Amino acid sequence: MNFWCLLLIFFGLYSAKQASAEDFESSILRVYSHVQKPDYDAPWSGRSSERLTHMGVMVDADHILVAAFAVTGARHFEVEKLGDSRQYPMELTYVDPTINLALLRFSRDKPRGLKVLPRGRDIGLDDTVSLYQGLEGESLVPTPLRLREVEVKPIFLTGYSAPQYVFELKRSGFGWFEPVIREGKLVGAAIAQAGSFVYALPSRVIERFLREAKHKPYRGFAELGFSLSPLTSPDLRRWAQADSLGSQVGAWIHSVDPLSSFGKILKDGDILVELNGVRVSSRGTYQHSRWGRISVSEILSDMGEGQELTVKVLRDGKIKRYTAKAQRSRPVEDKLVPALGDEPPYLIFGGLLLQELSKGLIESWGSQWRKRAPLFYLFEEAFQSLGNRQDRKVVLQRVFPLEYNKGYHDLENDFITQINGVPITHIDSVREALNKPEALQSGYARFSLEPGGDEIILTYKGLDQVHSVLRQRYGIPEKAHFWEPPDQKL
Amino acid sequence: MHSDLNENSLEWSRFARRSYFCVFLIFISAMLASSRQPLQAAGIDVDLKAMRKAIFKVRVNSQSPDYRQPWALKQMVSSSGTGFYIGERSILTNAHVVAQGKFISVLKDGDDQPVSARVKYIAHDCDLALLEVLDPNYFNGVSPLEFGDLPEVRETVNTIGYPSGGEQLSITQGVVSRISYRRYVHTGTDSHLLIQVDSAINPGNSGGPVTQGSDVVGVAFQTQTAAENTGYIIPTPVVQRFLQDIKDGHYDGHPVQGIWLMDEALENSAGRAYHGLRPGEGGVKVSKVSSYSPMFNLIKPGDILLAIDGQLIGVDGKIKLFNERLSFRALYDLKQVGDSVTFHVLREGNRTAIEVPLKSQSDFYEPGETFEIRPRFLVFAGHVFTALSRSYLKVWGGNWSTDAPLILRYIQGFSTQLAEFRSKRDIIVLSDRLPHAVNAYAGPYLEEVLMQVNGRDVGSLEDLSQQFADAKTEFLNLQFWQKKVPYIISTKAARAADPLILEQYKIPINHWFGQQGADGATADWEDAP
């Protein structure tokens, strides 16, 4: 083949790609979210807003599919068609942070000539696709990629484990919901980048979200309610009487959530042999027809609340089979709520700012939060996060100094374990404990703190006046959540 | 708000979050240089001529254990500090000057021949050490330096020693700017009385006398890097307590405290009224008392400490001591083990006197640096089990407090509050694996903390060794803290592989359980001709 032939082929391919990119400009839009993160030191307000730029995909005549991370804490959305300088306001119609997807719809008018992007099926290993980026500039830029592997890994926002395409890409700046397109159809959306790898949600997850978003009630994405660890050590297998399974079958079950579907059925140390009829390997994987070996929890991403989940487990050398209704993942119900941009639950009592410990609060120590946040917060996050909203930790975030609370001004970042002798497990329990009749009658509110063992003693008397001074001196708005006595002014 | 001096990692972490100032030891290798320091500065009222023979340069070759390979030592380091003669053929210097010293020599001003020395007593908690020398006649004609009283704030003092940058004795004048009860950085966890001076104390000055006229009023020992010209000296009450302590031939150390307080809580009027404090009455509120504390079961959380040995304690936790307002802990801390203190306590409206007999640190997890001859460890079937320590955590570098594994940092910070660890002699970490087929699946358990073997608690490395030796089960079931999957190895295979692995990796000893008080400063002169 001579040089001119090669040149012609090159220009032919180039112009073909250019043409397809332009075609997609009616379906792939640039979205601006004006996000305001919570201010944990002043939870009644928010930090200064910032504008995030990301991509969105037309999934029907009125809706754009975007990543949930781009809408959490967002106050306003605008969308822009590439090549059209006008921005169109949008509104949020549905969001599921579990799977990091959301739907926006046009508030009023919309750009002309928009087209719904057709959606394709899951791709297989080694399939080639294009990732379309239009974060800057006036045109979409395709980046050809090959599917390297599919991995079940935690979703950035909530930690929910879902299958994700893994593409190798040396350039940075991806993971802002760039659509993954193959043969003119949407087959995925990039939601994260780590080093030289870009991670994208596959078609099946997107399809399921779009389907479920129309379903009432929303059935979401199912969760296992327990964790799996490899059972590869021959000694461990013999000790666990798993010899009968052969050397390649069965994974170790642990961290069973007592409130999950199997909470009262399974126990730590059971060995998962099958999940919904699928044989589980000693590494907790199974052989997927298109994606090769993948974590067995991949099966869950195709299930919603109420669907039947069957497990076959080995316990004390005997096989047992159990069935239960799947529960959907509900991050907002978790013990440690992910950073979803919502106002943190808090209460002010005499200048003490009390709030629930959350992932967002821990992450408010900045990008180095794993090093900077208090050790006992990090320990909670790493090892004590199992539980629900009734098991939460309430912390003393800070004290607004007043004469009233003198002596306690330097206290901060402590767990509140008890108030007036009542164990504190969430912010509502703070109110209940403060409203305890015996305490009101005694005139003193007593707060027990850990890990230092400190105790704060304040009087109920004159709290109205104290709160009034707080509002005035520290600019705390009237609508902020101040504690109020149950039935009478003190 | 909190303060506790023997279990204060928590307090330290709170403190560190609020003010990021650092105090670093001034002791580093003194480089030989040609610049000459003036022996006397104008206006300094000190007869250096009479004192100089009693002030020595202390030269040290030290070698610390390698906590990655606990059977080995790290590279040799040469360094120097200062020491001074206090009589009875003894030189006083800082513990950090001679810590891990494998060869120590002292050099008299004007001499060219150093003389071998060894550690007679070492007190890491208060950073002091007493040296003796090979030549019994070495101090002939040398007059010991005498100790004076605690200087007053704003009085002038002179720091004398051999700082880096020259070979000759140097003298620096400074003014006492503060007397307080603060952390000594040598162990990182102990606090004692100290004096802050506004003069530069430089590397090599460590262990040198700080004088007023001809009296020694302290020992130079640390400096603050975040502020210019801020040095710290160990005052004479601490030095004299040390000298008194060793009179029976054994160093017991400062009495253990193990009490947590809310230093300012009783500033609050509601809190005062609740506890029934009288107008104008002071006192500090107790938050926690550790189980190892001599106050355990005598003083209770919620008690108000009103006075110590008749000295009224303010709401700031301070008493009148040495003409200053100082933490009441300073008074407690200057006592000897075996002494007692009497607290006047307000408990649930009743005032009572409680006598506390003081005791030394018992065998519980020591969060401070220990400077032992080598780490306590055990190698079994290629699994290296090491006792958790501050020195081990420093394997992760200078920023170990943020870079070491969370679980180890957490235990270091809260060991005394975690019920699981209260009775343990060692907190045992699987620190390394010498790869072999028998330990091929140990990877997920590296840097994790071992709690049980075959369902039995493991309290120490000795205990662990015994359990490995005694096990009659087919498998060894090792349970690690917060790990959800046990680590299982075949007992027979592990025992068979053990000697082979030691041989294969040329491990000279398979364990070190330490002798009581076996200090790393082993310099001696037994090889002298």
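Note that the structure is a prediction, hence the values are computed from the model and not measured. (Residues numbered from 1 in each chain as written. Chains lettered and ligands numbered in written order. Predicted model: local features only at pLDDT ≥ 70, side-chain atom pairs only at ≥ 80, totals over all residues. Heavy atoms only, no water.)

## Digging into the overall build of chain B
- Looking only at helices and strands, chain B has 11 helices and 30 strands in total.
- Rg of the C-alpha trace for chain B: 25 Å, near the compact-globule value of 24 Å for 529 residues, within the 12% margin.
- Seen along its three principal axes, the alpha-carbon backbone of chain B occupies a region of about 80 × 70 × 40 Å.
- Relative to its 529 residues, chain B shows a buried fraction of 58%.
- When the accessible area of chain B is evaluated, it comes to approximately 21,200 Å², of which 48% is carbon and sulfur surface.
- Side chains of chain B carry 51 positive and 59 negative charges; the gap between the two charge centres is 5 Å. (Helix = DSSP H or I, 4+ residues; strand = E, 2+ residues; numbered from the N terminus. Rg over C-alpha atoms; globule rule 2.2 N^0.38 Å. Buried < 20%, exposed > 50% of the residue type's maximum accessible area, 1.4 Å probe, protein only. Areas by Shrake-Rupley, 256 points an atom, 1.4 Å probe, with all protein chains shown as cover. Lys, Arg positive; Asp, Glu negative; His and termini not counted. Charge placed at Lys NZ, Arg CZ, Asp CG, Glu CD.)

## Section: helix α4 (residues 236-245) of chain B
- Burial of α4(B) is extensive: 8 of the 10 residues sit out of reach of the surface.
- Residues B:Thr236, B:Pro237, B:Val238, B:Val239, B:Arg241, B:Phe242, B:Leu243 and B:Asp245 constitute the buried set of α4(B).

## Regarding the packing of aromatic side chains
Residues and elements named next belong to chain A.
- Evaluation of the coordinates by the stated rule reveals 43 aromatic pairs over all chains.
- Between the aromatic rings of Tyr 94 and Phe 209, the centroid separation amounts to 6.3 Å while the plane-to-plane angle is 50°, which identifies the pairing as tilted. Taken together, the positions of Tyr 94 in strand β5 (residues 87-96) and Phe 209 in helix α2 (residues 203-213) put the pair 115 residues apart, joining distant regions of the chain.
- Exposure remark for Phe 209: the relative accessible area of 0% places this residue in the buried category.
- Here Arg 208 stacks its cationic end above the ring of Phe 221, 5.2 Å away from the centre of that ring.
- Looking at Arg 471, its charged tip hangs above the ring of Phe 482, at a distance of 4.2 Å from the centre. (Phe/Tyr/Trp six-rings, centres within 6.5 Å; stacked < 30°, edge-to-face > 60°. Lys NZ or Arg CZ within 6 Å of the ring centre and 35° of its normal.)

## Section: helix α7 (residues 427-434) of chain A
- For α7(A), the full list of buried residues reads A:Ile427, A:Ser429, A:Val430, A:Ala433 and A:Leu434. Burial along α7(A) is one-sided: seen end-on, the buried residues are contained in an arc of 150°. (Arc of directions from axis to C-beta.)

## Quick notes on the sheet that holds strand β12 (residues 197-202) of chain A
All names here are of chain A.
- Strand order in the closed barrel formed by 6 strands is β7-β8-β9-β12-β11-β10, and the pairing between neighbours is antiparallel. Between one strand and the next, the sheet's axes are offset by a mean angle of 45°, whatever the strand orientation.
- Lying on the sheet, α2 is in contact with β9 (161-168), β11 (185-194) and β12; it crosses β12 at an angle near 45°. (Pairing = 2+ DSSP bridges. Axes fitted to C-alpha atoms, helices over the stretch in contact; angles between N-to-C directions. Contact = heavy atoms within 4.5 Å.)

## Here we look at the side chain of B:Ser199
Residue and element names in this part refer to chain B.
- Looking at the secondary structure, you find Ser 199 in the loop between β11 (191-197) and β12 (209-212).
- Accessibility expressed as a relative area gives 3% for Ser 199, which makes it buried.
- If we ignore the near neighbours within four places in the chain, the residues touching Ser 199 are Thr 159, Thr 172, Gln 173, Gly 174, Asn 229, Thr 230 and Gly 231.

## Re the pattern of salt bridges
Residue and element names in this part refer to chain A.
- Overall, the coordinates contain 46 salt bridges over all chains when judged by the stated rule.
- Among the ionic pairs, Lys 37 bridges to Glu 50, the shortest N-O distance being 3.6 Å. Separated by 13 residues along the polypeptide, Lys 37 in the loop between β1 (28-35) and β2 (50-58) and Glu 50 in strand β2 bring together distant segments of the chain.
- On the accessibility criterion, Lys 37 (42% relative accessible area) is partly exposed.
- For Glu 168, the salt bridge is made with Lys 170, and the minimal N-O distance between the two is 3.3 Å.
- The class of Lys 170 is exposed, set by a relative accessible area of 68%. (Salt bridge = Lys/Arg side-chain N within 4 Å of Asp/Glu carboxyl O.)

## Thoughts on the pairing of strand β8 (residues 141-154) of chain A
Residue and element names in this part refer to chain A.
- Where strand β7 (residues 128-133) lies against β8, 6 bridges are found, and the strand directions are antiparallel. Counted as the bridge partner of Leu 131 is Thr 143 from β8.
- Two elements, β8 and β9, share 7 bridges in a ladder whose sense is antiparallel. What sits directly across from Lys 153, in β9, is Ala 162.
- Once β8 ends, the chain turns through 6 residues before running back antiparallel as β9, passing Gly 159 with a positive phi of about 85°.

## A few points about the interface of chain A and chain B
- Contacts between the two partners involve 44 residues from chain A, matched on the other side by 40 residues from chain B.
- Both faces combined, the contact of chain A with chain B buries some 3,700 Å², and carbon together with sulfur accounts for 61% of it.
- There are 3 salt bridges connecting chain A and chain B.
- The tally of links between chain A and chain B comes to 11 residue pairs in polar contact (both at pLDDT 80 or more).
- Of all the secondary-structure elements, those providing two or more residues to the side of chain A that touches chain B are α3 (234-239), β15 (251-254), α5 (369-372), α6 (375-383), β28 (444-450) and β29 (455-459) of chain A.
- In terms of residue count, the dominant contributor to the side of chain A that touches chain B is α6(A) (6 residues).
- Taken together, the residues that form the side of chain A that touches chain B break down as 19 nonpolar, 12 polar and 13 charged. (Buried area = accessible area lost by both parts, 1.4 Å probe. Polar contact = N/O pair within 3.5 Å; in protein donor to acceptor, adjacent residues only side chain to side chain. Nonpolar A, V, L, I, M, F, W, Y, C, P; charged D, E, K, R; others polar.)

## Things to note about the sheet that holds strand β6 (residues 115-123) of chain B
Residue and element names in this part refer to chain B.
- Reading around the barrel, the 6 strands line up as β2-β3-β4-β7-β6-β5 and close back on themselves, with antiparallel pairing between neighbours. The average angle at which neighbouring strand axes cross in this sheet is 40°, direction not considered.
- Strand direction decides the pairing type here: strand β2 (residues 55-62) and strand β5 (residues 101-108), joined by 7 bridges, are antiparallel. Its bridge partner lying in β5, Asn 61 is registered against Phe 103.

## Observations regarding the environment of A:Gly462
- As for its placement among the helices and strands, A:Gly462 is situated in the loop between β29 and α9 (463-474).
- Here the alpha-carbon distance between A:Gly462 and A:Ser289, two residues 173 residues apart in the chain, equals 70 Å.

## Some thoughts on the confidence of the model for chain B
Residues and elements named next belong to chain B.
- The share of residues in chain B with pLDDT of 70 or more is 91%, and the mean pLDDT across the chain is 89.
- Confidence drops under a pLDDT of 50 for residues 27-44, and excluding neighbours within four residues, the segment shows 44 contacts in the predicted structure.
- Model confidence for the complex is summarised by a pTM of 0.89, with the ipTM given as 0.90. (pLDDT = per-residue confidence, 0-100.)

## Remarks on the domain arrangement of chain A
All names here are of chain A.
- Structurally, chain A comprises domain 1 (18-218), domain 2 (222-328) and domain 3 (335-474).
- A straight line from the C-alpha centre of domain 1 to that of domain 3 covers 37 Å.
- Listed by partner, the interface residues are 10 residues for domain 1 and 18 residues for domain 3.
- Summing both partners gives a buried area of about 1,200 Å² for domain 1 against domain 3, and 65% of it is carried by carbon and sulfur.
- Our enumeration of links across domain 1 and domain 3 arrives at 0 salt bridges.
- Counting across the interface, domain 1 meets domain 3 through 3 residue pairs in polar contact (both at pLDDT 80 or more). (Domains from an automatic or database assignment.)

## Quick notes on the nonpolar core
- B:Val98, B:Phe242, B:Ile299, B:Leu305 and B:Phe343 are the most contacted members of the largest nonpolar core, which totals 89 residues.
- Top element by residues in this core is β6(B). It accounts for 6 residues.
- Excluding residues that lie within four positions of it along the chain, B:Phe242 makes contacts with B:Leu92, B:Tyr121, B:Ala123, B:Cys126, B:Leu128, B:Ala129, B:Leu130 and B:Tyr251.
- Formed by 65 residues, the second largest nonpolar core is a distinct cluster that contains A:Leu169, A:Tyr218, A:Val311 and A:Ala324. (Core = buried A, V, L, I, M, F, W, Y, C linked by side-chain atoms within 4.5 Å.)

## Thoughts on the environment of B:Ile411
- On the secondary structure map, B:Ile411 appears in helix α9 (residues 406-414).
- When near neighbours in sequence (up to four residues on either side) are disregarded, B:Ile411 contacts B:Leu388, B:Leu418, B:Phe421, B:Ile427, B:Val449 and B:Trp481.

## Notes on the confidence of the model for chain A
- On average, residues of chain A carry a pLDDT of 91, and 95% of them reach 70 or more.
- Under a pLDDT of 50 for its full length, residues 7-19 of chain A has, in the predicted model, 2 contacts with residues more than four places off or in other chains.

## Things to note about the packing of α6(A) against α9(B)
- Close contact between α6(A) and α9(B) brings their axes to 10 Å; oriented N to C, the two are set at 135°. The angle between α6(A) and α9(B) places the two elements in the oblique class. The way α6(A) lies across α9(B) gives a crossing that is left-handed. Only B:Leu406, B:Ile407, B:Arg409, B:Tyr410 and B:Phe414 of α9(B) make contact with α6(A), whose side of the interface consists of A:Leu375, A:Phe376, A:Leu378, A:Phe379, A:Ala382 and A:Phe383. (Parallel < 35°, antiparallel > 145°, perpendicular 65-115°, else oblique. Left-handed = near helix turned anticlockwise from the far one by under 90°.)

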